[in-house]
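Understanding the architecture of this molecule
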Amino acid sequence: REVCGDLKIPVNNSVLEEMQAKNKEEIDKISAEIENAEKNEGESEVREAMVKKCEYLTSIGDKEAALKMLKETLEKTTTTGHKLDLHFHLIRLGFFFSDNKIITVNLDKAKALIELGGDWDR
């Protein structure tokens, strides 16, 4: 929808509905993986499932949902290296949407984590 608006072309509603249905299906599937991991697995599996959802939301261009999920994932992430990965993800998201605030805030946070000894060259 956003691309159609930017390019000033009409939205094909049937294609849009099909895409939205597929996205909802995939998001529901990943959300179920997160729930299962929370109930039956450890913290690292929960975090991995949450990162998967972050990546999917980013890949479909859902900026607000991706930002919300990344924030939740950061709150549950304990290791410096994994936090650094999430801040790099946020920086990429900022570049994609030309959002300088997201870029600069997360560059500063990434720099601070690197100075704390974060290993981003794994």
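Here goes a summary of the coordinates provided.

The rules behind each value
Residues numbered from 1 in each chain as written. Predicted model: local features only at pLDDT ≥ 70, side-chain atom pairs only at ≥ 80, totals over all residues. Heavy atoms only, no water. Helix = DSSP H or I, 4+ residues; strand = E, 2+ residues; numbered from the N terminus. Buried < 20%, exposed > 50% of the residue type's maximum accessible area, 1.4 Å probe, protein only. Contact = heavy atoms within 4.5 Å. Areas by Shrake-Rupley, 256 points an atom, 1.4 Å probe, with all protein chains shown as cover. Phe/Tyr/Trp six-rings, centres within 6.5 Å; stacked < 30°, edge-to-face > 60°. Polar contact = N/O pair within 3.5 Å; in protein donor to acceptor, adjacent residues only side chain to side chain. Core = buried A, V, L, I, M, F, W, Y, C linked by side-chain atoms within 4.5 Å. Axes fitted to C-alpha atoms, helices over the stretch in contact; angles between N-to-C directions. Parallel < 35°, antiparallel > 145°, perpendicular 65-115°, else oblique. Left-handed = near helix turned anticlockwise from the far one by under 90°. Nonpolar A, V, L, I, M, F, W, Y, C, P; charged D, E, K, R; others polar.

**Re the overall build of the chain**
Within the chain, the secondary structure is distributed over six helices and zero strands. Secondary structure elements of the chain occur, N-terminal to C-terminal, as α-α-α-α-α-α. The principal-axis extent of the C-alpha atoms belonging to the chain is close to 50 × 40 × 20 Å. When burial is assessed residue by residue, the chain has 32% of its 122 residues classed as buried. Residue pairs in contact within the chain that sit at least 24 positions apart in sequence constitute 44% of those at least 6 positions apart. When the accessible surface of the chain is split by element, carbon and sulfur atoms take 53% of a total near 8300 Å².

**Focus: the packing of aromatic side chains**
On inspection of all chains with the given rule, the structure shows one aromatic pair. For the pair F96 and F97, a centre-to-centre distance of 4.9 Å together with 85° between the ring planes defines the contact as edge-to-face. Under the relative-accessibility criterion, F96 is labelled exposed at 61%.

**Description of the side chain of D99**
Topologically, D99 is positioned in the loop between helix 5 (80–96) and helix 6 (100–115). Note on D99: relative accessible area 16%, which makes it buried. In terms of polar contacts, D99 uses its side chain to reach the backbone amide nitrogen of I102, at 3.2 Å. Residues in contact with D99, not counting those within four places in the same chain, are K63 and G94.

**Observations regarding the nonpolar core**
Residues I34, M50, L57, M69, L70, L86 and L90 are the most contacted members of the largest nonpolar core, which totals 19 residues. Counting residues per element, the ones that place at least two in this core are helix 2 (13–40), helix 3 (43–59), helix 4 (63–76) and helix 5. The biggest single contributor to this core is helix 3, with seven residues. Sequence-distant contacts of L57, that is, excluding residues within four places in its chain, are made with I27, D62, A65, A66 and M69. Within the second largest apolar cluster, five residues are counted, among which are L84, I103, A110 and L113.

**Observations regarding the packing of helix 4 against helix 5**
Across the interface, helix 4 lies against helix 5 with an axial gap of 10 Å and an inter-helix angle of 165°. As the angle between them shows, helix 4 and helix 5 are arranged roughly antiparallel. Helix 5 is crossed by helix 4, and the crossing has left-handed handedness. For the pair helix 4 and helix 5, contact is made by K63, A66, L67, L70, T73 and L74 and by K83, L86, H87, H89, L90 and L93, respectively. Looking at the contact of helix 4 with helix 5 residue by residue, the classes come out as seven nonpolar, three polar and two charged.

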